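Topology and contacts: notes
One letter stands for each residue in the lines below.
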Amino acid sequence: MDFVNNKIIILSGVAVFYLVCNPSIYAQKEKNIFETLNINLNFVFNTNRNTFHRYWEGDEGIEALVESPFYHGNIQSGIHISQYSAKQPDIPGFSSMFFYLGWGKGVIHSLNLTWSNGFRVGMFFMYFDEKETNKDSKRENELGFGINSRLQYKLKKNWFINLSGYYRVIFTRKRIYHTYIAIGSGYSFTTPKWLRELLE
């Protein structure tokens, strides 16, 4: 599993480097900004194991995000919700919510398949179990940053399915490093005129 995690990290890093250094990707016309909206719902699985996982076990999470064309790529806004169970009796478990904004770019388009890569920045909120925690320490929030790589396959009409790998760092005093695999589906539609005018 560590081999898979390292592959995801390396491929995502190479992909982001490609996005930054390849000038050909900056040819998107500005007229496409906010032209469509993609709504995604994914099931998320924590795949890596490190010091963090000596104390907590990550359960399956869910992710909801909205994506739209925006200046040479796609802008994203989403939330990733997870639950972490304590492995030791003197440590509280916690639930988490990661609210983020992100940007990504499709680097390979082949028939109905698209490979895209990007990054996310947001706030990671931790809510510790109330029965085991003092009021002053029930909640904590920290900055988070991640890189992701996604394969998306377009189905009939406006539906699609996707598979993605995702590496995230939470900037707590002792850094939290997580690697995820996500699988899900989504729906794409033309942005209503009133909403597009508001966003622009």
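**Considering the pattern of salt bridges**
Following the criterion strictly, the structure yields four salt bridges and no others. Linking Glu57 and Arg49 is a salt bridge whose minimum nitrogen-to-oxygen distance equals 3.1 Å. Its relative accessible area of 28% is what places Glu57 among the partly exposed residues. Salt-bridge contacts for Arg150 lead to Glu67; the nearest nitrogen and oxygen are separated by 3.1 Å. Pair noted here: Arg150 is in strand β7 (residues 139-154) and Glu67 is in strand β3 (residues 61-69), with a separation of 83 residues, a long-range link. Of the two residues, Arg150 and Glu67, neither departs from the other in class, the shared state being buried.

**Some details on the confidence of the model for the chain**
On average, the chain scores 84 in pLDDT, and the residues at 70 or more come to 80%. Mean pLDDT in the chain bottoms out at helix α1 (residues 2-21), which sits at 50, and peaks at strand β8 (residues 159-170), which reaches 96. Predicted confidence is poor over residues 23-29, with pLDDT under 50, and the contacts of this stretch with residues over four places away or in other chains come to 13 contacts.

**Looking at the environment of Glu63**
For Glu63, the position within the fold is in strand β3. With 119 residues separating them along the chain, Glu63 and Ala182 place their C-alpha atoms 8.4 Å apart. Residues in contact with Glu63, not counting those within four places in the same chain, are Asn40, Leu41, Asn42, Val44, Ile79, His80, Tyr100 and Arg120. Separated by 2.8 Å, the side chains of Glu63 and Tyr100 make a polar contact. Reaching out from Glu63, the side chain makes a polar contact with the side chain of Arg120 at a distance of 2.8 Å.

**Comments concerning the packing of aromatic side chains**
Geometry of an aromatic ring pair is reported as the spacing of the ring centres plus the angle between the planes. Enumeration according to the criterion identifies 17 aromatic pairs in this entry. For the ring pair Phe70 and Tyr71, a centre distance of 4.8 Å and an interplane angle of 90° mean the geometry is edge-to-face. Ring centres of Tyr84 and Phe94 lie 4.9 Å apart, and the angle between their planes is 25°; this geometry places the pair in the stacked category. Of this pair, Tyr84 sits in strand β4 (residues 74-86) while Phe94 sits in strand β5 (residues 94-110), and the two are 10 residues apart along the sequence. Both residues of the pair, Tyr84 and Phe94, count as buried. Chaining the aromatic ring pairs together yields one cluster made of Phe52, Tyr55, Trp56, Tyr84, Phe94 and Phe128. Taking the ring centre of Tyr166 as reference, the NZ or CZ of Arg120 above it sits at 4.6 Å. Here the basic side chain of Arg168 rests over the ring of Phe98, its NZ or CZ set 4.9 Å away from the ring centre.

**Observations concerning the pairing of strand β6 (residues 113-128)**
Pairing between β5 and β6: 16 bridges, direction antiparallel. Looking at the pairing, Tyr100 lines up with Gly122 of β6. Connecting the antiparallel pair β5 and β6 is a turn made up of two residues, with Leu111 showing a positive phi of about 55°. Of the pairings in the sheet, the one linking β6 to β7 comprises 15 bridges and is antiparallel in character. Looking at β7, one finds that Thr114 is bridged to Gln152.

Rules of the game
Residues numbered from 1 in each chain as written. Predicted model: local features only at pLDDT ≥ 70, side-chain atom pairs only at ≥ 80, totals over all residues. Heavy atoms only, no water. Salt bridge = Lys/Arg side-chain N within 4 Å of Asp/Glu carboxyl O. Buried < 20%, exposed > 50% of the residue type's maximum accessible area, 1.4 Å probe, protein only. Helix = DSSP H or I, 4+ residues; strand = E, 2+ residues; numbered from the N terminus. pLDDT = per-residue confidence, 0-100. Contact = heavy atoms within 4.5 Å. Polar contact = N/O pair within 3.5 Å; in protein donor to acceptor, adjacent residues only side chain to side chain. Phe/Tyr/Trp six-rings, centres within 6.5 Å; stacked < 30°, edge-to-face > 60°. Lys NZ or Arg CZ within 6 Å of the ring centre and 35° of its normal. Pairing = 2+ DSSP bridges.

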